[in-house]
Amino acid sequence: MSDPLVLALDQGTTSSRALLFAADGTVKAQAQREFPQLFPAPGEVEHDPEAIWESQLATAKEALAAGFKPAALGLTNQRETVVLWDRHTGRPVTNAIVWQSRVSAPVCERLKGEGLEPLFRERTGLLLDPYFTGTKLTHLFETHDGLRARCERGDVLAGTVDSFLLWRLTGGRRHVTDASNASRTLMFNLNSGDWDEELCGLLNVPRTCLPEIVDSAGRLAETDPTVLGERLPVCGLAGDQQAATFGQGCLTPGSAKNTYGTGCFLLMNTGATPVPSANRLVTTVGWRIGGRTTFCLEGAVLVAGAAVQWLRDGLGLFENAAEVEALAETVPDCGGVTFVPAFVGLGAPYWRPDARGTIAGITRGTTRGHIARAALEAIAHRTRDVVEAMNADLAGRGEEGGEHAALPPLTRLNADGGASRNDLLMQTQADLLGVPVRRTAVGEITAFGAARLAGLGAGLWPEEPPAALCDREFLPRIDSVEADRRHAAWGRAVRGCLPADV
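Residues numbered from 1 in each chain as written. Predicted model: local features only at pLDDT ≥ 70, side-chain atom pairs only at ≥ 80, totals over all residues. Heavy atoms only, no water.

Draft legend 1. Structural context of the overall build of the chain. The secondary structure content of the chain amounts to 16 helices and 23 strands. Relative to the 2.2 N^0.38 estimate, which gives 23 Å for 502 residues, the radius of gyration of the chain is 22 Å and therefore close to what a compact globule would have. Along the first, second and third principal axes, the C-alpha atoms of the chain reach 65 × 60 × 45 Å. In the chain, the share of contacts with a sequence separation of at least 24, taken over all contacts with a separation of at least 6, comes to 71%. With the model as given, the accessible surface of the chain reaches about 19,300 Å², and the carbon-plus-sulfur share is 50%. (Helix = DSSP H or I, 4+ residues; strand = E, 2+ residues; numbered from the N terminus. Rg over C-alpha atoms; globule rule 2.2 N^0.38 Å. Contact = heavy atoms within 4.5 Å. Areas by Shrake-Rupley, 256 points an atom, 1.4 Å probe, with all protein chains shown as cover.)

Draft legend 2. Molecular detail of the pattern of salt bridges. Counted according to the given criterion, the structure contains 34 salt bridges. Between Arg184 and Glu80 there is a salt bridge, with its nearest N and O atoms 2.7 Å apart. A residue pair is termed long-range when its members are at least 10 positions apart, and Arg184 in the loop between α7 (179–182) and β10 (188–189) and Glu80 in the loop between β5 (72–77) and β6 (82–86) qualify at 104 residues. Like Arg184, the residue Glu80 is buried in the burial classification. For the salt bridge of Arg485 with Glu482, the shortest nitrogen-to-oxygen distance reads 2.7 Å. Of this pair, Arg485 and Glu482 are both found in helix α16 (residues 480–496), three residues apart, which corresponds to roughly one turn of the helix. One network of salt bridges, in which partners are shared, links Arg79, Glu80, Arg184, Asp240 and Glu298. (Salt bridge = Lys/Arg side-chain N within 4 Å of Asp/Glu carboxyl O. Buried < 20%, exposed > 50% of the residue type's maximum accessible area, 1.4 Å probe, protein only.)

Draft legend 3. Representation of empty space enclosed by the protein. Summed over the entire model, instances satisfying the criterion amount to four cavities of 30 Å³ or more. In terms of lining residues, the largest cavity is bounded by 13 residues, among which Gly159, Thr160, Thr185, Trp195 and Leu210 are the most central. Put simply, the parts of the chain that give the lining of the largest cavity at least two residues each are α4 (133–143), β8 (156–160) and α7. Considering each element in turn, the lining of the largest cavity owes the most residues, three residues, to β8. Residues of the lining of the largest cavity, tallied by class, amount to seven nonpolar, six polar and no charged. What the second largest cavity holds in volume is close to 50 Å³. Val301, Leu302, Val303, Pro341, Ala342, Gly345, Leu346, Gly347 and Arg382 together form the lining of the second largest cavity. (1 Å grid on protein atoms, 1.4 Å probe; cavity = no way out; pocket = protein on both sides within 12 Å on 5 of 7 lines; lining within 4 Å. Points joined across faces, edges and corners; volume = space filled by probe spheres on them. Nonpolar A, V, L, I, M, F, W, Y, C, P; charged D, E, K, R; others polar.)

Draft legend 4. Representation of the layout of surface pockets within the structure. Quantified by volume, the second largest pocket comes out at close to 500 Å³. Taken together, 29 residues form the lining of the second largest pocket, with Asp333, Cys334, Arg373, Glu377 and Arg486 sitting closest to its centre. Only β19 (338–340), α13 (368–394), α14 (423–433), β23 (470–474) and α16 provide two or more residues apiece to the lining of the second largest pocket. Its residues assigned to classes, the lining of the second largest pocket comprises eleven nonpolar, six polar and twelve charged.

Draft legend 5. Focus on helix α6 (residues 161–169). Burial runs high along α6: nine of the nine residues are buried. In the stretch just after α6, Gly171 is the one whose phi turns positive, near 65 degrees.

Draft legend 6. View of the environment of Asp3. Position of Asp3 relative to the elements: it lies in the segment before β1 (6–11). The spacing of Asp3 and Trp461 is 458 residues in sequence and 9.7 Å in space, taken between C-alpha atoms.

Worth remembering: the numbers are spatial, not functional.
Listed below in structure tokens is the structure:
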């Protein structure tokens, strides 16, 4: 009898994917389709939920057409994006408001002005930022007449992308989300593990439209046979970054992964107790299995691989982003150049939208290679910024206090994402952190995380990841004194990219 396979649906921000995985991470079949991005106004980003559904359904059918029969289905999704749809027809009633959208910034500012951010941070572990789902719903209710009333009556349902897809996959039988996705909404109470009535009230969101919160693994739902041609148990569900963390095997407190993509998302497992951040990070649910919750600290770096894209498209330093490594290796170091790619401000732990990008230390001897190398070092420095904040939180240190039992600091970083294939970047990261960096051998680690959750939930695969996940381990080659010297210079450059009145 062949090993059981799992179908993973990976619904991302720009495309939908479907992959059939074996337990060792081998991909037996896959498909991918992009869908349109909508920009109704500056700073606003939307998706057509029907385009999301059609692209995801098409990839699932294409992967299944390869002839393999999966034993279970796992789903992972772009987080924080909100969808509203008619309960009776299943049709969307508005466009989806995407996590990138800043449309609810006025709602956030109003709530901050009312002194409510400490309450939201204490209950949810999140900042009052338009990035998260709850204020997007508030905005929609305030700008669409009668929409809230329809939600209150139960005629319109709301949820993140996972909820919408599961509603469609189950033929309208299940309105659910998992704890990891719920924890990104500003309405989920980390301590109770359920929707918070008071916070829902402050956001003016009726509980009647919200999904049931379920575990991230288990028998969660079953697909309608008219959708995929068969009944398939849905046994895994998690937001994309949490799925990647699980897929990387970060199962013990202190273990962490960083996804090197357009930006970077670094999540550290903190165990069964939520660790409040005193250093401007986010406390979030990693996953909930068998009713037991694993929590994470998360830091978001807004620009990582996007800096390399800018060198390619904005400055024309090379034609293909993969060429940045060879260009950077034409010089032994940055030659005193420091590049802070704050194109859209600085994310965690600074959260300074007013920061602007700088390239400092240029001389007549500066070459394209120095700038390319400085761009790669910037990604590694921003990751160290986040790791330092996490280690401080784990030790109970921070300007806001909040003592708790100390947890172990980072001892190894697991790496994934497109930019992790850059050996120079990975070596630089190990040097600056002073810990080994292990690059995964699985290219689609987010989808594999969803598959692993489903395999576990269906009783097909063990919780522990396969041993052969590591592609290469990068060990530090410089001492801590030199790493600290370089990072101190980076810190001076960051201060220089802030407005002069700060």
